Amino acid sequence: MQKTEEISRPIGVFDSGVGGVSTLRKLHEMLPNEDFLFYGDSKNAPYGSKSQEDVYLLSKDIVEYFKQKDVKAIVIACNTATSAAKERLTKEYPELPIIGIEPALKEAGDNNEQNILVMGTKLTMKLPKYQKMVNEYSDTRHIISLPSPGLAEYIESGMHDDEALKGLLQNLLASYANVPFDGVVLGCTHYPFVAEAIQSCFRSNIAIHTGYEGVANRLKKLLAGLGLSSNRRDEGSVSFDSSSHDSIQYYEKMFQTR
Ligand code: DGL
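Here's what I pulled together on the structure shown here. Small disclaimer: the values here were computed from a predicted structure and weren't measured.

This part takes up the layout of surface pockets. Estimates place the volume of the largest pocket at around 540 Å³. In terms of lining residues, the largest pocket is bounded by 24 residues, among which Pro192, Phe193, Val194, Ala195 and Glu196 are the most central. Of all elements in the fold, only helix H2 (19-30), helix H9 (162-173), helix H10 (195-199), helix H11 (212-225) and helix H12 (248-256) reach the threshold of two or more residues within the lining of the largest pocket. Grouping the constituent residues of the lining of the largest pocket by class yields 12 nonpolar, four polar and eight charged.

As structure tokens, this is what we get:
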């Protein structure tokens, strides 16, 4: 393949559903000359209540789909799939650069936050990858891990009911109302779409971490290292696909939301 042809291939980005669109926005902003193809597995969402093996198999199907589309790299824009499947997929597809978003504990740590709340899916939090990360920081920080069932489902289904969201957050967070958190790590890519509602449950200047910058910087570095960065000057394209065709419009709408 000619070099120009090789580097002008798109980057595949996937999630269990609409959540990954929040990551995609940042990737497009930080790598504006790249083409992106987003795939949301909304038919099979949520991933967070499934087994590791099921999430691995679903993720593998998506990697196969991206291979058909001849992507030059893959970004797993799903903390759950990163924890459950990235290591195996990286071994199985050595020819394909794969990176994945992770709960931004490092960002919170670097920001010198002492009391940190991490919200994520049940599966992310029970897997060794996350446990190991928490252990690394636990000597010097106070970290509370809060599996947040229902939240990704609410966002995935269109976020139509503010009262339902309030109730959901109330249930999840009420017992932590008096903990003086310095920061909240949103360890699921769906949650940033309700970041304001989460923030309003705490004192006003609490830091919110999404992990976007980290994954966008890693992608930039990875492409540059492989000589695969786009060399065009105009803006790259962003296109959407889904296992549930009806969800594509929702992804497009959320991509435009700032
Ligand atoms: N958006 C996903 C994550 O980052 C998973 C949500 C779900 O499907 O449970 O973990």
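Attention now goes to the pairing of strand E7 (residues 183-187). With respect to burial, E7 is a largely interior element, five of its five residues being buried. Sheet topology note: the strand E5 (residues 115-120)/E7 ladder contains five bridges and is parallel. Among the inter-strand pairings, Ile116 is bridged to a residue of E7, identified as Gly183. Here E7 pairs with strand E8 (residues 207-209) via three bridges, running parallel. In the strand pairing of E8, Val184 is matched with Ile208.

Criteria and cut-off values
- Residues numbered from 1 in each chain as written.
- Predicted model: local features only at pLDDT ≥ 70, side-chain atom pairs only at ≥ 80, totals over all residues.
- Heavy atoms only, no water.
- 1 Å grid on protein atoms, 1.4 Å probe; cavity = no way out; pocket = protein on both sides within 12 Å on 5 of 7 lines; lining within 4 Å.
- Points joined across faces, edges and corners; volume = space filled by probe spheres on them.
- Helix = DSSP H or I, 4+ residues; strand = E, 2+ residues; numbered from the N terminus.
- Nonpolar A, V, L, I, M, F, W, Y, C, P; charged D, E, K, R; others polar.
- Buried < 20%, exposed > 50% of the residue type's maximum accessible area, 1.4 Å probe, protein only.
- Pairing = 2+ DSSP bridges.

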